[in-house]
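If you want the building blocks of each chain, they are given just below.
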Amino acid sequence: MMNKQGRPTDINTAANLSPGGVTTHTGNRGLEQDELLIYEIGDTQRTGVDLEDLPVFESRLGGITRDNEIGLAGLSEPEVMRHYTRLSRKNYAIDMGLYPLGSCTMKHNPRINEKVARLPGLADIHPLQPISTVQGALDLMDRLAHWLKTLTGMPAVAMSPKAGAHGELCGLMAIRSALDKRGENRTIVLAPESAHGTNPATAALCGYKVKSIPANKAGRVDLPALKAALGPDVAAIMLTNPNTCGLFERDIIEIADAVHAAGGYFYCDGANFNAIVGKVRPGDLGVDAMHINLHKTFSTPHGGGGPGAGPVVLSEALAPFAPVPYVIHGKDGFEMVEHVTGGAESFGRMTAFHGQMGMNIRALAFMMSHGSDGLARVAEDSVLNANYVMASLQDIMTLSFEGPCMHECLFDDRFLEGTGVTTLDFAKAMIDEGYHPMTMYFPLVVNGAMLIEPTESESKQSVDQFIGALRHLVTQAKLGNSALFTGAPYLAPLKRLDETLAARNPVLRWRKTD
Amino acid sequence: MRYLPLSPTDRTEMLEKIGVTEINDLFSDVPTTALLKDHVDLPGHMPEMAVDREFRAMAEKNMPAGSVAFFCGAGAYRHYVPSTVDHLIQRGEFLTAYTPYQPEISQGTLQALYEFQTQVAQITGMEVSNASMYDGSTACGEAVLMARRASRKKKAILSGSLHPQYIEVTRCATKFTEDITLINPPSVYLVDDLIDQIDEETSCVVVQNPDFFGNIQDYTKLAEALHAQKALLVVVVTEVVSLGAVRSPGAMGADIVVAEGQSIGNGLTFGGPYVGLLATRQKLVRTMPGRVCGETVDADGKRGFVLTLSTREQHIRREKATSNICTNAGLCTLAFTIHMTLLGEKGFRHLARLNHAKAVQLADKISGIDGVEVLNKNFFNEFTVALPMDAAEAIERLADMKILGGVPLSRLYPNDPDMKNRLLVAVTETVTEEDMDRLVCALKELVK
């Protein structure tokens, strides 16, 4: 069979049986169509573009030319449409259903945002054309900056970081620069056990050692342990709030005060800003720097893994160290500072050009659509949905920590004890029910974590159906129907994939076989 | 509010189920002093039509490239993107999916990434590629960190003809990593001079091809010299279309290739989002940063794809990870791979030749203007022009005539008096002969 390239299997195996027991010649099952690689469909002769003929010219490449065949496969336009349309149908997406991936904030992506991002006046401008010809673009960046500063209660914002982790790097570099200026050589960054992996990875990139702070029984930072860890060698604490257990850090102001009293800075990971946007300003909590994932709270599409954007709001103390470029108000309109000139304290440049303009446009459209009233509603409804899920499942699943939760709720695998079903199995069975699983095995502070974030985009009917599906699965697991889980998914385009094989023998590209 | 489905009745019922009386009861963990009593001081919600109007007004205050004769490059290029590309990337199944953590329901994204990785490896002449970085400049910084890991040596040498912002980004990315030393003598960029800089401490030399000023070099000798010292050659490509005509970095002996992939499938969008490419040799994959997609089989033995080698990454390895990167360029990689599939071998090579042919045409026309000189001996689709006047001023005056005539080098080298009169001019397939004549005519007027 064509669709089992290199691995012929018997047409009569279970893989080719539809639920009705019908075998097919193609291996397809109705609307579920297999699709080969472009290299198995196309060839180096075919093309899907018509380009103008070459004028007569003499090469000026200096003889440094490519003479061998590259081996690129081409497809005609109808084949391209079909290939990618077929592939698209093998993806789960927000547009198809609830996507409860905790800490990822998979909310509705409004299409007006896509529309305005494609206006030629915004999409078709070059980053280095004269400043006088991009005043509207600078106005847009300035407006977005104003919204971000107002929503967070912070005086400054660095707009160029390209994603959340890039924003973390920006914040820690500002902190390190401020400490260097004070002549202090602090070497440690504190991060709670429940932190995103990007936090310690970022701290390491800034030359810091990471010290982990344990969680207390309530799922929050253990304050006495934190205070004991503070000292003259601590540069900063990196804390997510609401934290990755979906809980608001009740002692946040005391934590900030303690860190400041010890001469350190408070970096807040803003991945979970969705829970408090319009309700709480991080600036009021003592935060010195916080990145905002525009692709989470402000709904720029996740696009299968990016692009994101991670602007960083900064306190008065850290603002002078912000990276270039930034927009300023000049006497004849907006100007852009692109270089670190004599005496300036900026720590440098994090990316070529000016950051993720395309994401800025979408995020600003999202904010303006909601307004200050709608954004507070976003936080409230996301928190309401999560608490409703928690209240509807806590009798049957094991809640890790007492509520109320914020925009996501955390369960662990104790309710599966003795069933022979793991968190992974449980998640894969959710696929058969038509859902993307929740975040699994994160945060690391509980065993077999299941972190559910419904977001404000879900209706009550949608959340009720999701709760019903989970209750059904839990009941089945407890009844001993473990086969429903251990072989799941049964109804996805593919059965469970062998990730160990992929890592042991990495095949990272197609190659021509003779 | 059009995006929020919960009705007042829903909210009441849900609060009741939870066992609280009002929404702020759910915010009881927030210190009372910090919970806002009123909405923040920003405008209220807006109808979709009003949002549309506001953005149109902002867009109208810019000069879009498509409305003028356009010659800007310097790391961001205006190419024609077939309509199919934007249509396909807006399919909700691609647009609104997350990182493919659940491979059984993410084969669309994963297979496209596998095809993308193959295309990137092919055009760069390398063995493998990752699933993308934020953009070319951050990929360049990551390549220097990767070379440090792979070579276990500290000294990275950056060529003087590397894109100046890539140099700044790399400097910034390695600023607080005490065990990396960056050497960047601005006047050193020729192969023999770079070879003179290499010693046993050297981890890598980073060069660009075509370089920032548009010149093409053969770096084969440099690769040999580096390999003799167990060091790596990192080649940066800011215009990937050049790879359809110019000898590939892999063929020159590169160990890591980083590129800005924006030219294929992605618009200018004022500098981002773009797509960083990073390709290398198979034996170096475990030192590589970022996501990577690999082939495997499912429980029935059917071919499928997964994210793999994640033990390099931050979510597993935390502070020992090869990078802190999490998000990549997702949808921009999809745009890249769809456009590249439409082009195919034939289209990609023709596109490259067409760009070069048009650049040759314009270079010849510009060389004919008295007092104006094209400084390149060779080039692909971009070259440096010396004007008898301040280039930034020339560009402003050209803009008044609806010509975006290139990038004045003083914008990127503000303190270098030698750059004051120099202009970097890029020519892609989107430029017509009429555009060229308008530029040449206007330049003649200006320098008279």
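The rules we used
Residues numbered from 1 in each chain as written. Chains lettered and ligands numbered in written order. Predicted model: local features only at pLDDT ≥ 70, side-chain atom pairs only at ≥ 80, totals over all residues. Heavy atoms only, no water. Helix = DSSP H or I, 4+ residues; strand = E, 2+ residues; numbered from the N terminus. Buried < 20%, exposed > 50% of the residue type's maximum accessible area, 1.4 Å probe, protein only. Contact = heavy atoms within 4.5 Å. Areas by Shrake-Rupley, 256 points an atom, 1.4 Å probe, with all protein chains shown as cover. Lys, Arg positive; Asp, Glu negative; His and termini not counted. Charge placed at Lys NZ, Arg CZ, Asp CG, Glu CD. Salt bridge = Lys/Arg side-chain N within 4 Å of Asp/Glu carboxyl O. Phe/Tyr/Trp six-rings, centres within 6.5 Å; stacked < 30°, edge-to-face > 60°. Pairing = 2+ DSSP bridges. Right-handed = clockwise from strand over helix to strand, strands pointing away. Domains from an automatic or database assignment. Buried area = accessible area lost by both parts, 1.4 Å probe. Polar contact = N/O pair within 3.5 Å; in protein donor to acceptor, adjacent residues only side chain to side chain. Disulfide = S-S within 2.5 Å. Nonpolar A, V, L, I, M, F, W, Y, C, P; charged D, E, K, R; others polar. Core = buried A, V, L, I, M, F, W, Y, C linked by side-chain atoms within 4.5 Å. Axes fitted to C-alpha atoms, helices over the stretch in contact; angles between N-to-C directions. Parallel < 35°, antiparallel > 145°, perpendicular 65-115°, else oblique. Left-handed = near helix turned anticlockwise from the far one by under 90°.

**A short note on the overall build of chain B**
When its secondary structure is counted, chain B shows 14 helices and 15 strands. By principal-axis analysis of the C-alpha atoms, chain B measures approximately 80 × 55 × 50 Å. Within the span of chain B, comprising 448 residues, buried residues form 68% of the whole. Of the contacts formed within chain B by residues at least 6 apart in sequence, a portion of 72% connects residues at least 24 apart. For chain B, the computed accessible surface area is about 14,700 Å², with 49% contributed by carbon and sulfur atoms. Taken as two groups, the 44 positive and 56 negative side-chain charges of chain B have centres that lie 4 Å from each other.

**Overview of the pattern of salt bridges**
All names here are of chain A. Scanning the model with the defined rule gives 55 salt bridges over all chains in all. The partner of Glu456 in a salt bridge is Lys107, with the nearest N and O atoms 2.8 Å apart. Here Glu456, found in the loop between strand 13 (450-452) and helix 12 (460-478), pairs with Lys107, found in the loop between helix 2 (77-88) and helix 3 (111-117); they are 349 residues apart in sequence, far enough to count as distant. With respect to class, Glu456 is no different from Lys107; both count as buried.

**Quick notes on the environment of Arg281 of chain A**
Secondary-structure assignment places Arg281 of chain A in the loop between strand 5 (265-269) and strand 6 (289-291). Residue class for Arg281 of chain A comes out partly exposed when judged on its relative accessible area of 28%. Distance in space between the C-alpha atoms of Arg281 of chain A and Leu294 of chain A is 16 Å, their sequence separation being 13 residues. Dropping the residues within four chain positions of it, Arg281 of chain A is found in contact with Thr150, Leu151, Thr152 and Gly153 of chain A together with Ala34, Leu36 and Val40 of chain B.

**Quick notes on the packing of aromatic side chains**
Residue and element names in this part refer to chain A. On inspection of all chains with the given rule, the structure shows 16 aromatic pairs over all chains. Where Phe426 meets Phe485, the ring centres are 5.9 Å apart and the plane angle is 10°; that geometry is what we call stacked. Here Phe485 lies in helix 13 (residues 483-486) and Phe426 lies in helix 11 (residues 423-432), a separation of 59 residues in the sequence. Note on Phe426: relative accessible area 0%, which makes it buried. Given the relative accessible area of 0%, Phe485 is considered buried.

**Details of the pairing of strand 2 (residues 188-192) of chain A**
Residue and element names in this part refer to chain A. Burial runs high along strand 2: five of the five residues are buried. Of the two faces of strand 2, the one carrying Ile188, Leu190 and Pro192 and the one carrying Val189 and Ala191 are both buried. Across five bridges, the pairing between strand 2 and strand 3 (residues 209-213) is parallel. Bridge pairing in strand 3 links Ile188 to Lys209. Between the parallel elements strand 2 and strand 3, the chain passes through helix 7 (residues 198-205) in a crossover that is right-handed.

**Considering the domain arrangement of chain A**
Residues and elements named next belong to chain A. Looking at the assigned domains, one finds that chain A contains domain 1 (113-367) and domain 2 (373-501). On a C-alpha basis, the centres of domain 1 and domain 2 stand 30 Å from each other. With 28 residues of domain 1 at the contact, the number on the domain 2 side is 20 residues. When domain 1 packs against domain 2, close to 1,800 Å² is buried across both sides, 67% of that on carbon and sulfur atoms. Ranking the residues of domain 1 by area buried against domain 2 places Cys245, Asn274 and Ala275 at the top, with a combined share of 27%. On inspection of domain 1 and its partner domain 2, the count reaches one salt bridge. For Lys279, the salt bridge goes to Glu380, with nearest N and O atoms at 2.9 Å. Here domain 1 and domain 2 share five residue pairs in polar contact (both at pLDDT 80 or more) between them.

**Structural notes on the domain arrangement of chain B**
Residues and elements named next belong to chain B. Each domain of chain B was delimited in the assignment, giving domain 1 (65-80 + 345-447) and domain 2 (83-339). Between the C-alpha centres of domain 1 and domain 2 the distance comes to 28 Å. Of the residues lining the interface, 28 residues belong to domain 1; the matching set on domain 2 comes to 29 residues. The contact between domain 1 and domain 2 buries some 2,100 Å² in all, and 63% of this surface belongs to carbon and sulfur atoms. For domain 1, the biggest contributors to the area lost against domain 2 are Tyr77, Phe348 and Phe380; these three give 28% of the whole.

**With respect to the state of the cysteines**
Under the defined criterion, the tally for this structure stands at zero disulfides over all chains. Not engaged in a disulfide, the cysteine Cys170 of chain A finds its nearest cysteine sulfur in Cys172 of chain B; these two sulfurs lie 8.4 Å apart. A relative accessible area of 0% places Cys170 of chain A in the buried class. No disulfide involves Cys72 of chain B; its sulfur sits 19 Å from that of Cys441 of chain B, the nearest cysteine. Residue Cys72 of chain B is classed as buried on the basis of its relative accessible area, which comes to 3%.

**Some words on the interface of chain A and chain B**
Each side of the interface is counted separately: chain A has 218 residues, and chain B has 201 residues. Buried surface at the junction of chain A and chain B, both sides included, amounts to about 18,200 Å², of which 62% is carbon and sulfur. Taken as a group, Arg60, Arg66 and Leu508 of chain A account for 5% of the area that chain A buries against chain B, more than any other trio of residues on that side. For the pair chain A and chain B, the number of links is 18 salt bridges. Across the salt bridge formed by Arg250 of chain A and Asp29 of chain B, the nearest N and O atoms sit 2.7 Å from each other. At the boundary of chain A and chain B, one finds 111 residue pairs in polar contact (both at pLDDT 80 or more). Looking at the side of chain A that touches chain B element by element, the count peaks at 26 residues for helix 10 (residues 357-393) of chain A. Taken together, the residues of the side of chain A that touches chain B sort by class into 105 nonpolar, 62 polar and 51 charged.

**Section: the nonpolar core**
In terms of nonpolar packing, the biggest core is built from 134 residues, with Leu151, Phe298 and Phe426 of chain A together with Phe55 of chain B touching the most fellow members. Not counting residues up to four positions away in its chain, the partners in contact with Phe426 of chain A are Phe415, Leu416, Val421, Met438, Met450, Leu470, Leu473, Val474 and Phe485 of chain A. Residues Leu169 and Val312 of chain A together with Ala147 and Val285 of chain B belong to the second largest nonpolar core, which totals 85 residues.

**Some words on the packing of helix 5 (residues 135-152) of chain A against helix 10 of chain A**
Residues and elements named next belong to chain A. Where helix 5 contacts helix 10, the axes come no closer than 10 Å and their chain directions differ by 45°. Between helix 5 and helix 10, the angle falls in the class oblique. Relative to helix 10, the crossing made by helix 5 is left-handed. For the pair helix 5 and helix 10, the contacting residues are Ala137, Leu140, Met141, Arg143, Leu144, Trp147, Leu148 and Leu151 in the first and Met357, Asn360, Ile361, Ala363, Leu364, Met367, Met368, Gly371, Ser372 and Leu375 in the second. For the contact of helix 5 with helix 10, a count of residues per class yields 14 nonpolar, three polar and one charged.

**Side note on the side chain of His291 of chain A**
Residue and element names in this part refer to chain A. Examined against the element boundaries, His291 turns out to sit in strand 6. Here Asp269 takes part through its side chain, which lies 3.4 Å from a polar atom of the side chain of His291. Setting aside residues no more than four positions away along its own chain, His291 makes contact with Gly164, Gly167, Glu168, Tyr267, Cys268, Asp269, Gly270, Ala271, Gly310, Pro311 and Val312.

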